[in-house]
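The lines below spell out each chain.
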Amino acid sequence: MKSVPERDAACAIAQAAAVVGDWWSLLLVRETARGHHRFDALQEELGISRKVLTERLAHLVETGVLEKVPYQERPVRHEYRLTESGRGLLPVLLSMQDWADRWVFGDGSLSGTADEASAEARRVAGLTGERLPRLELPGHRDGEPVDPVTGDAATTVLFCYPATGSPSPLPEGWAGIPGTVGCTLENRLFRDAYEDFRAAGAEVRGVSTQRPDEQRVFAVEEGLPFTLLSDVDLRLAAALRLPTFRAGQLLRLKRAVLVVDRHRVVRHARFPVTDIPAAVDEALAEARRLAAIS
């Protein structure tokens, strides 16, 4: 939270660092993206002192990253939510996460998957029991915002995939990146099993970082009965700290499958996905299991 020296006054990197270069400030952006908005919840998640938390929240509000929104009148209490400026930082956070997964936790290899014992796999496994915060992503049909979790079904199966090769060509060397091949197959398998999922009280939604218009062409070509969601702004990825990798100058979601109940609680999380047909069958079995006990 230092002021920018005069020699760096015109440097945008220095100016950005002055706003969010502090450890706690970055983690506060992370936690608000994850759905923790109230002072006590933020303190519990971060293990931060009340004094430091108060200072950092005031700084982020002053700089327009967070806004205070009242949630109680007597006495007046506020929660902290990301502004449009704050949401613009989510790709920065995901780039930092991606860098650390590859170069700090990993050996520097570019991969669209991970080992079962990796930090990424542990992070996704830890999603079970967590609640997905309320957010909306553009749907492929008309680009209008769609909640990833539908309240009309007992469960929602969210399958994340890197990218399909239609309509836009995939980056050069795509097939040589472990874990990238199979996105069209995965969509087709969920398409073919869609009625079985619906019979089990589940809705299916695919998620990638491709644009809605790209997803629309692919969905029409493949006759997909379910909605594809565009996480082009990385809101879902940030909310769940989903694993990503960079290819063709874009962050892509690594392949993962989540089963979320109507209360937005993650009940099943599969990552890495090394056997796509088995992962689809596993998600269907979990949907049936949850329907049987609900």
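Thresholds, definitions, all that
- Residues numbered from 1 in each chain as written.
- Predicted model: local features only at pLDDT ≥ 70, side-chain atom pairs only at ≥ 80, totals over all residues.
- Heavy atoms only, no water.
- Phe/Tyr/Trp six-rings, centres within 6.5 Å; stacked < 30°, edge-to-face > 60°.
- Helix = DSSP H or I, 4+ residues; strand = E, 2+ residues; numbered from the N terminus.
- Buried < 20%, exposed > 50% of the residue type's maximum accessible area, 1.4 Å probe, protein only.
- Pairing = 2+ DSSP bridges.
- Axes fitted to C-alpha atoms, helices over the stretch in contact; angles between N-to-C directions.
- Contact = heavy atoms within 4.5 Å.

Colleague: Quick question: what am I supposed to make of the packing of aromatic side chains here?
Modeller: Two aromatic rings, taken as a pair, are described by how far apart their centres are and by the angle between their planes. Within this structure, the stated rule accounts for seven aromatic pairs. With a centroid separation of 5.7 Å and 85° between ring planes, the pair formed by Phe159 and Phe226 is classed as edge-to-face. With Phe159 in strand S5 (residues 155-160) and Phe226 in the loop between helix H10 (212-222) and strand S7 (227-230), this pair connects stretches of sequence that are 67 residues apart. Judged by its relative accessible area of 0%, Phe159 falls in the buried class. Here Phe226 falls in the buried class, since its relative accessible area comes to 1%. Where Trp174 meets Phe245, the ring centres are 5.9 Å apart and the plane angle is 45°; that geometry is what we call tilted. Taken as a pair, Trp174 in the loop between S5 and helix H8 (183-192) and Phe245 in strand S8 (residues 244-247) lie far apart in primary sequence, 71 residues in all. Since its relative accessible area comes to 6%, Trp174 is described here as buried. Members of the aromatic cluster, joined through ring pairs, are Phe159, Tyr161, Phe190, Tyr194, Phe197 and Phe226.

Colleague: What exactly am I supposed to notice about the sheet that holds strand S11 (residues 266-270) here?
Modeller: Within a beta sheet, neighbouring strands are joined by backbone hydrogen bonds and run either parallel or antiparallel to one another. Strand order in the open sheet formed by five strands is S7-S6-S5-S10-S11, and the pairing between neighbours is mixed. Bordering the open sheet on either side are S7 and S11, each of which pairs with just one other strand. Averaged over all pairs of adjacent strands, the angle between their axes in this sheet comes to 20°, without regard to strand direction. Two elements, strand S10 (residues 256-261) and S11, share four bridges in a ladder whose sense is antiparallel. Within the sheet, the bridge partner assigned to Leu258 lies in S11 and is Ala269. The strands touched by H8 are S5, strand S6 (202-208), S7 and S10; relative to S5, the strand with the most contacts, the crossing angle is about 160°. On top of the sheet, H10 reaches S6 and S7; it is set at about 160° to S7, its chief contact.

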